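The residues making up each chain are set out below.
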Amino acid sequence: MSCAPEVSPEALDALSGVSASADHSEAVWTPIAEEAERATRVKHPTNRLPRPFRRRVLAVANQKGGVGKTTSTVNLAAGLALQGLRTLVVDLDPQGNASTALGIEHRAGTPSVYEVLLGEIGIVDAVVVSPQSSNLLCIPATIDLAGSEIELVSMVARESRLSRALSSGVLDELGVDYVFIDCPPSLGLLTVNALVAAREVLIPIQCEYYALEGLGQLLRNIELVQAHLNPALTVSTILLTMYDGRTKLADQVTAEVRQHFGDQVLRTVIPRSVKVSEAPGFGQTVLAYDPGSRGALSYLDAAQEIALNRGYVDGGHSGNGHSGEGHSGAREVSR
Ligand code: ATP
Ligand code: MG
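This text gives an overview of the structure that appears in the document. What you are looking at is a predicted structure, and each value in this text was computed from that prediction instead of being measured.

### Quick look at the overall build of the protein
On a plain count of helices and strands, the protein comes out with 15 helices and seven strands. Among the 335 residues that make up the protein, the fraction classed as buried is 49%.

Right, here's the structure in full:
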């Protein structure tokens, strides 16, 4: 006869705030108690994260397809929103996957980032609040964006159109602390627009063979943008995704990436998890879809690590380090 599971060391870790996801990602069997602890941590995070001393704008980029750009964008944004930070996701991929995962309409004709880039509407006309959280905003992408790389070519200031739109003061009014720009899998004009609009680049790297292939090209492009268009740009964050603890390869890739990028690599690693891949099918982030999953807790932890990066928090981790404009009282945004 089975008896009730005792509280596992992992659950105790979770209770004491130590990252269970990073340290126990090799576990293949998850006790119910552990899952319940994770769900509690994700649904009722005890930490109110500090606001950055200035708004942080991160381009989530890697021209390699399917490495977890969109998944990381939406789940990190959801993790920050859950912990009290107002976060905007700019969906800059014509596939519109980030919009889907946030439960936001993105049929052709929906006011979107495409019209914003063309200068036809302002961002306030395209921003939508995600049904998942009033702290989570999104500028959706529609299929119209697919032609924009060509349309932008002949436009004035073609590389800085997103940057101009985002610096319009509207984000101050909306009280946005974080902006994540989900890039398409290419190094074309859309990604360049993201790199010019951002101050930071977040590179998701999949723990797979060939993971580092093509990274050199991405880094060279970032250097070009730094040199000519956006001197403030830095690669602040590397996130290892789809880690499968059963394979040696995952550990080899992790070690290689850490050796190469050092402190830029988050300690938290995102495990490969079916729940993470199922969530967008329900128009949800994994934090909403299955808060008890290891994927959900990993993204919550990763969001925390990003927010607690000392380089971006004024006066330590006090939770009130914002010297800027302050949250807008009006939380709801409508078209
Ligand atoms: P693209 O280059 O096409 O925009 P991407 O880099 O944005 O792709 P995602 O769409 O986030 O990558 O992920 C690619 C696929 O891998 C998706 O089907 C997603 O659900 C799945 N996936 C992402 N992260 C995980 C994970 N941690 N565990 C399992 N599946 C995952
Ligand atoms: Mg994507």
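### What about helix H3 (residues 32–43)?
Helix length check: H3 (12 residues) gives 16 Å between terminal C-alpha atoms against 16 Å at 1.5 Å per residue, within 8%. Within the span of H3, buried status applies to Glu 34, Glu 37, Arg 38, Arg 41 and Val 42. Relative to the axis of H3, the buried residues are bounded by an arc of 130° and lie together on one face.

### Observations regarding the sheet that holds strand E1 (residues 56–60)
Taken in spatial order, the seven strands of this open sheet run E3-E4-E2-E5-E1-E6-E7, and their pairing is mixed. Two strands close off the open sheet at either side, each with one partner strand: strand E3 (128–129) and strand E7 (234–241). One ladder, built from five bridges, connects strand E2 (residues 87–91) with strand E5 (residues 178–182); its direction is parallel. Looking at E5, one finds that Asp 91 is bridged to Asp 182.

### As for the environment of Pro 271
Mapping Pro 271 onto the fold places it in the loop between helix H12 (248–261) and helix H13 (274–278). Exposure remark for Pro 271: the 26 C-beta atoms within 10 Å place this residue in the buried category. Along the backbone, Pro 271 and Ser 298 are 27 residues apart, and their C-alpha atoms lie at a distance of 7.6 Å.

### Some remarks on the pairing of E2
Most of E2 sits inside the fold, with five of its five residues counted as buried. In this sheet, strand E4 (residues 136–139) lies alongside E2 in parallel orientation, the contact comprising four bridges. Bridge pairing in E4 places Thr 87 opposite Leu 136.

### Examining the packing of helix H4 (residues 69–82) against helix H15 (residues 294–307)
It is the contact of H4 with H15, at a shortest axis distance of 8 Å, that shows an interaxial angle of 75°. Judged by the angle between their axes, H4 and H15 are roughly perpendicular. Contacts from Asn 75, Leu 76, Gly 79, Leu 80 and Leu 82 of H4 reach H15 at Tyr 299, Leu 300, Ala 302, Ala 303, Ile 306 and Ala 307. In terms of residue class, the contact of H4 with H15 is built from nine nonpolar, two polar and no charged.

### With respect to the site of ligand 1
Around ligand 1 sit 18 residues in total, of which Lys 69, Thr 70, Thr 71, Pro 185 and Ser 277 are the nearest. It is H4 that contributes the most residues to the shell around ligand 1, three residues altogether. Among the residues making up the shell around ligand 1, the classes are represented as five nonpolar, 10 polar and three charged.

### Focus on the nonpolar core
Residues Ala 59, Val 113, Val 179, Ile 181, Ala 194, Leu 195 and Ala 198 are the most contacted members of the largest nonpolar core, which totals 90 residues. It is H15 that provides the largest number of residues to this core, a total of eight residues. In this structure, Val 179 is in contact with Arg 55, Val 57, Leu 58, Leu 88, Val 90 and Leu 166, ignoring residues within four places of it in sequence.

### Regarding the packing of H3 against H15
Look at H3 against H15: their axes get within 9 Å of each other, and the N-to-C directions meet at 40°. With respect to H15, the axis of H3 lies oblique. Considering how the two elements wind past one another, H3 and H15 form a crossing that is left-handed. The segment H3 lies against H15, with Arg 38, Arg 41 and Val 42 engaging Arg 294, Ala 296, Leu 297 and Leu 300. Residue composition of the contact of H3 with H15, by class: four nonpolar, no polar and three charged.

### A word on unusual backbone geometry
The phi angle of most residues is negative, glycine excepted, and most peptide bonds adopt the trans form. Positive phi is not limited to glycine here, since Tyr 210 has a value of about 70°. For Tyr 210, the location among the structural elements is in the loop between strand E6 (200–206) and helix H11 (215–228). One non-glycine residue with positive phi stands out, namely Met 242, at about 55°. Here Met 242 is to be found in the loop between E7 and H12.

### Describing the environment of Thr 191
Among the structural elements, Thr 191 can be located in helix H10 (residues 189–197). Note on Thr 191: 25 C-beta atoms within 10 Å, which makes it buried. For the pair Thr 191 and Glu 149, spaced 42 residues apart in sequence, the C-alpha separation works out to 9.7 Å. Once you skip the residues sitting within four places of it in the chain, Thr 191 turns out to touch Ala 61, Cys 183, Pro 184 and Ser 186.

Each value, and the rule that gives it
Starting from 1, residues in each chain are numbered consecutively following that chain's sequence as written. Naming scheme: in the order in which they are written, chains are lettered from A and ligands are numbered from 1. pLDDT decides what is reported in this predicted model: residues at 70 or higher carry local features, side-chain atom pairs at 80 or more are listed and counted, and totals for whole chains, interfaces and linings draw on all residues regardless. Runs of H or I in DSSP of at least four residues are treated as helices and runs of E of at least two as strands, each being numbered from the N terminus. Buried residues are those with 20 or more other C-beta atoms within 10 Å of their own C-beta, exposed residues have 12 or fewer, and partly exposed residues lie in between; C-beta atoms are placed from the backbone. Take the number of residues in a helix, subtract one, and multiply by 1.5 Å to get its expected span. As used here, the arc is the angular range of directions from the helix axis to the C-beta atoms. For two strands to be treated as a pair, DSSP must find at least two bridges joining them. Working convention: axes come from line fits to C-alpha atoms, limited for helices to the stretch in contact. Angles between N-to-C directions cover 0 to 180 degrees. Each angle is binned into one of four classes, with values under 35 degrees roughly parallel, values over 145 roughly antiparallel, values of 65 to 115 roughly perpendicular, and all other values oblique. Note on contacts: residues are paired as contacts if their backbone-placed C-beta atoms lie within 7 Å. For this classification, the nonpolar set comprises Ala, Val, Leu, Ile, Met, Phe, Trp, Tyr, Cys and Pro, the charged set comprises Asp, Glu, Lys and Arg, and every other residue, Gly included, is treated as polar. Using a C-beta atom placed from the backbone, a residue is described as near a molecule or strand when that atom lies within 6 Å of it. To form a nonpolar core, buried Ala, Val, Leu, Ile, Met, Phe, Trp, Tyr and Cys residues must be joined through C-beta atoms within 7 Å. In this scheme the crossing of two helices becomes right-handed for a clockwise turn of the near helix relative to the far one and left-handed for an anticlockwise turn of less than a right angle.

All we've got here are geometric facts, nothing functional implied.
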